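# Observations on the model geometry
The lines below spell out each chain.
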Amino acid sequence: MKLLPFRARRGPMDPGEVALQARNVRFDWRETPLHWMPAEPIASHLINALNLLLPEGERMFCRTFSEALPLVKDEKLREQMLGFIGQESMHAETHNGVLDEVLSAHGIDVEPYVRQMEFLFRETLGPRADDNARAQFQALVERLGFIATLEHFFAFLGDWVLNADLERFGADPNVLDLFRWHGAEEVEHRFVAHEVAEYFDVGYVRRCALMLVVFPIFLSLVLRGTKYLVHEDSSLPDMRYPRLVAKVFASMWRGALPGVPSLLWSALSVFQPGYTPAAVGSTAQAVAYLAKSPAARATAS
């Protein structure tokens with residue numbers, strides 16, 4: 001009998017927000033192929049591009065939340081922020097391990113792209129030390145809004161990878177577990193960044209403006225990372241952007257990547273008055289996956 005997709009097995013009762021905890025995970029990358037979906041090398045590299053982007057981004061999330069934490073008087077929100085920081089810190093270090101143990105091991109020089117991400121997230125999106133106190137606070141609020149916008153996409157991508165049938169493309173179980181573990185925690189903590197942004201009065205207009213800015217920048221960074229990896233991969237022909245984009249669209253059509261309509265619909269959903277991340281995935285599904293994740297279970301044994 002054919003098993004139903006995980007989405008179809010969701011229970012009717014979703015617990016909503018849960019107490020957040022950082023889970024130790026253990027991955028063995030020694031046998032991991034560069035094209036971890038052998039039938040989809042371009043899709044493999046596009047998702048691999050997140051390994052280039054995420055470590056510095058998530059470290060910036062942790063620094064910004066740590067900066068905001070003393071200003072938050074709501075004890076429940078503070079607790080959730082601490083859980084968020086713990087999870088994001090673990091994500092950053094785990095994806096950083098992929099840079100060293102998978103990409104570099106296969107001859108990919110990650111340093112040029114990583115340095116660009118360091119400049120973006122440490123300098124461009126870092127705290128403004130030379131400004132006055134009011135300007136520093138406004139810069140903090142902008143960064144919190146920026147994080148909330150990105151976290152919306154990460155929850156969307158987490159929900160997608162939990163439900164996508166990537167096994168049919170021959171996906172490496174270790175890499176698939178990495179992204180499903182990470183995606184499940186993104187769904188699990190999807191309320192936190194939004195509620196922090198609301199606490200600091202980011203507001204509807206600024207939320208919409210940030211989506212208009214962040215959405216194209218995020219897609220551009222991922223596409224640039226994909227092109228960089230394809231260029232560095234000696235087993236693939238170098239491609240200009242038009243050909244690469246055509247290959248990406250083909251992978252989307254086959255289901256190896258999330259499609260453009262779902263991406264656009266997800267982005268547009270934040271323009272709804274009264275938006276919350278509640279509809280972006282299921283906490284029950286996320287917690288169920290985290291309970292059976294091989295990487296999480298390996299540390300418990």
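In this text, all values refer to a predicted model and were calculated from it rather than measured experimentally.

This part covers the layout of surface pockets. Empty space within the largest pocket amounts to approximately 600 Å³. Along its surface, the largest pocket is lined by 28 residues, and Leu46, Leu157, Leu219, Val222 and Pro258 are the ones closest to its centre. Elements represented by at least two residues in the lining of the largest pocket include exactly helix 1 (41–68), helix 4 (133–163), helix 5 (173–188), helix 7 (203–232), helix 8 (241–254) and helix 9 (260–269). The element that contributes the greatest number of residues to the lining of the largest pocket is helix 7, accounting for six residues. When its residues are assigned to classes, the lining of the largest pocket shows 23 nonpolar, four polar and one charged.

Attention shifts here to the nonpolar core. Core analysis: the biggest nonpolar cluster contains 97 residues, and Trp36, Leu52, Phe65, Met81, Leu166 and Phe218 have the highest contact counts within it. By residue number, the principal contributor to this core is helix 4, which donates 15 residues. With residues near it in sequence (within four places) discarded, leucine 52 still touches Leu99, Leu103, Val110, Tyr113, Val114, Met117, Gly225, Tyr228 and Leu229.

Of note, the phi angle at aspartate 201 is positive, near 55°, even though the residue is not glycine. You can see aspartate 201 is positioned in the loop between helix 6 (190–199) and helix 7.

The end-to-end C-alpha distance of helix 4 is 45 Å, a good match for the 45 Å that 31 residues give at a rise of 1.5 Å each. Most of helix 4 sits inside the fold, with 24 of its 31 residues counted as buried.

Let's shift gears to the packing of aromatic side chains. Describing an aromatic ring pair means giving the distance of the ring centres and the angle of the ring planes. Under the criterion given, the structure shown has 11 aromatic pairs. Measuring from ring centre to ring centre gives 4.5 Å for phenylalanine 65 and phenylalanine 84, while their planes differ by 20°; the resulting arrangement is stacked. One end of the pair, phenylalanine 65, is in helix 1; the other, phenylalanine 84, is in helix 2 (residues 75–103), and 19 residues separate them in sequence. For the pair phenylalanine 65 and phenylalanine 84, one class covers both residues: buried.

Let's shift gears to the packing of helix 1 against helix 5. Interaxial distance between helix 1 and helix 5 falls to 12 Å at its minimum, and their mutual angle equals 45°. When the axis of helix 1 is compared with that of helix 5, the two are oblique. In this structure, helix 1 crosses over helix 5, and the sense of that crossing is left-handed. Where helix 1 abuts helix 5, its residues Ile47, Leu50, Asn51, Leu54 and Glu58 lie against Leu178, Phe179, His182 and Glu186. For the contact of helix 1 with helix 5, the per-class residue count stands at five nonpolar, two polar and two charged.

Calculation rules
Residues numbered from 1 in each chain as written. Predicted model: local features only at pLDDT ≥ 70, side-chain atom pairs only at ≥ 80, totals over all residues. Heavy atoms only, no water. 1 Å grid on protein atoms, 1.4 Å probe; cavity = no way out; pocket = protein on both sides within 12 Å on 5 of 7 lines; lining within 4 Å. Points joined across faces, edges and corners; volume = space filled by probe spheres on them. Helix = DSSP H or I, 4+ residues; strand = E, 2+ residues; numbered from the N terminus. Nonpolar A, V, L, I, M, F, W, Y, C, P; charged D, E, K, R; others polar. Core = buried A, V, L, I, M, F, W, Y, C linked by side-chain atoms within 4.5 Å. Buried < 20%, exposed > 50% of the residue type's maximum accessible area, 1.4 Å probe, protein only. Contact = heavy atoms within 4.5 Å. Expected span 1.5 Å × (residues − 1). Phe/Tyr/Trp six-rings, centres within 6.5 Å; stacked < 30°, edge-to-face > 60°. Axes fitted to C-alpha atoms, helices over the stretch in contact; angles between N-to-C directions. Parallel < 35°, antiparallel > 145°, perpendicular 65-115°, else oblique. Left-handed = near helix turned anticlockwise from the far one by under 90°.

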